[in-house]
Amino acid sequence: SSFDEGSKSCLNIGDMKVNTYLKKAFDVVMMNDQAMRSIADDESAYKPALVILGSSSLVQSLGSYFFPVRGIVVYRPGFFDIVGESLTTFVIFLLSFYLCGYFVQEFFKGKIGMEAFVKVMCFASAIGFIGILPRLNIIAGIWGFLIFLAVLRRIAQIEWEAVAVLVLVIVFASLIV
């Protein structure tokens, strides 16, 4: 389905056409090359990209509240836990996207710049909305990694060897942290 940007069914927040950007996020999650390139080239997509990343982070955090971890004891996070987890997730993902985008641009000479890479990956973070059900986070993680690979190969157009190096750098960096 498509959204008519001029219709009343399109929710606007300021100058942001929410329905349009949600549709584009869905298309990015489905690894649609045209949608990924559209986001990469859209100068006005940065604010919506941050909103999508922030919303996805919040939804994932709320998932642990609505569906608490059950074991010997039940852990249900409080308000400040949810806020802290959301902000931490947002910052870590945003910094990771910028770092990967920097590598793509500077070391691997990708066909898109750092900002474009960040926008596309923030839109791709919409896969995290399924994290409202915490047991689906593993699926979101795997699918997110596949989107990451698709962006590197099909949009940034870097070689598989460079993709492998970037993945190893990410794995190594996450082991240090």
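Residues numbered from 1 in each chain as written. Predicted model: local features only at pLDDT ≥ 70, side-chain atom pairs only at ≥ 80, totals over all residues. Heavy atoms only, no water.

Visitor: An account of the environment of Val 74 is requested, with residue identities and associated values reported.
Guide: As for its placement among the helices and strands, Val 74 is situated in strand S4 (residues 74–75). With 19 residues separating them in the primary sequence, Val 74 and Phe 93 have C-alpha atoms 28 Å apart. If near-sequence neighbours (up to four positions away) are discounted, Val 74 is found in contact with Pro 68 and Val 69. (Helix = DSSP H or I, 4+ residues; strand = E, 2+ residues; numbered from the N terminus. Contact = heavy atoms within 4.5 Å.)

Visitor: Lay out the nonpolar core with the relevant residues and their values.
Guide: Of all hydrophobic cores here, the largest spans 44 residues; its most connected members are Val 28, Met 36, Phe 117, Phe 123, Phe 148, Val 151 and Leu 152. Where this core is concerned, the elements lending two or more residues are helix H1 (18–29), helix H2 (33–41), helix H3 (46–66), helix H4 (79–107), helix H5 (114–124), helix H6 (137–155) and helix H7 (160–176). (Core = buried A, V, L, I, M, F, W, Y, C linked by side-chain atoms within 4.5 Å. Buried < 20%, exposed > 50% of the residue type's maximum accessible area, 1.4 Å probe, protein only.)

Visitor: Which residues make up H5, and what are the values?
Guide: Across the 11 residues of H5, nine count as buried, placing the element largely inside the fold. When we look at burial in H5, the residues that qualify are Ala 116, Phe 117, Val 118, Lys 119, Val 120, Met 121, Cys 122, Phe 123 and Ala 124. Turning to H5, the residues buried within the fold contact H1, H2, H3, H4 and H6.

Visitor: How would you summarise the packing of H2 against H5 if you had to cite specific residues and measurements?
Guide: Their axes nearest at 8 Å, the elements H2 and H5 cross at an angle of 130 degrees. Considered as vectors, H2 and H5 are oriented oblique to each other. Regarding H2 and H5, the two cross each other, and that crossing is right-handed. Contacts between H2 and H5 pair Met 36, Ile 39, Ala 40 and Asp 41 from the former with Ala 116, Lys 119, Val 120 and Phe 123 from the latter. Split by residue class, the contact of H2 with H5 holds six nonpolar, no polar and two charged. (Axes fitted to C-alpha atoms, helices over the stretch in contact; angles between N-to-C directions. Parallel < 35°, antiparallel > 145°, perpendicular 65-115°, else oblique. Left-handed = near helix turned anticlockwise from the far one by under 90°. Nonpolar A, V, L, I, M, F, W, Y, C, P; charged D, E, K, R; others polar.)

Visitor: Please give an account of the pattern of salt bridges that cites residues and values.
Guide: All chains considered together, the criterion is met by three salt bridges. Here Asp 42 makes a salt bridge to Lys 24, at a shortest N to O gap of 3.8 Å. Highlighted residues: Asp 42 in the loop between H2 and H3 and Lys 24 in helix H1, separated in sequence by 18 residues. Among the ionic pairs, Asp 33 bridges to Arg 154, the shortest N-O distance being 2.7 Å. Taken as a pair, Asp 33 in helix H2 and Arg 154 in helix H6 lie far apart in primary sequence, 121 residues in all. (Salt bridge = Lys/Arg side-chain N within 4 Å of Asp/Glu carboxyl O.)

Visitor: Describe a nonpolar patch on the surface, naming the residues involved and giving the relevant values.
Guide: On the surface, Ile 130, Ile 138, Ile 139, Ile 142, Phe 145 and Leu 146 cluster together into a nonpolar patch covering about 530 Å² of accessible area. Turning to its location among the elements, Ile 142 is positioned in helix H6. (Patch = residues over 30% accessible without salt bridge, like charges linked within 9 Å, V, L, I, M, F, W, Y side chains within 5 Å. Areas by Shrake-Rupley, 256 points an atom, 1.4 Å probe, with all protein chains shown as cover.)

Visitor: Please provide a residue-by-residue account of H2, values included.
Guide: Of the positions making up H2, those classed as buried are Ala 35, Met 36, Ile 39 and Ala 40. Down the axis of H2, the buried side of the element spans an arc of 135 degrees, and every buried residue falls inside it. With respect to the buried face of H2, the exposed residues turned more than 90 degrees away are Gln 34 and Asp 41. For H2, the N-terminal capping position is held by Asn 32, with its side-chain oxygen 2.9 Å away from the main-chain nitrogen of Gln 34. (Arc of directions from axis to C-beta. Polar contact = N/O pair within 3.5 Å; in protein donor to acceptor, adjacent residues only side chain to side chain.)

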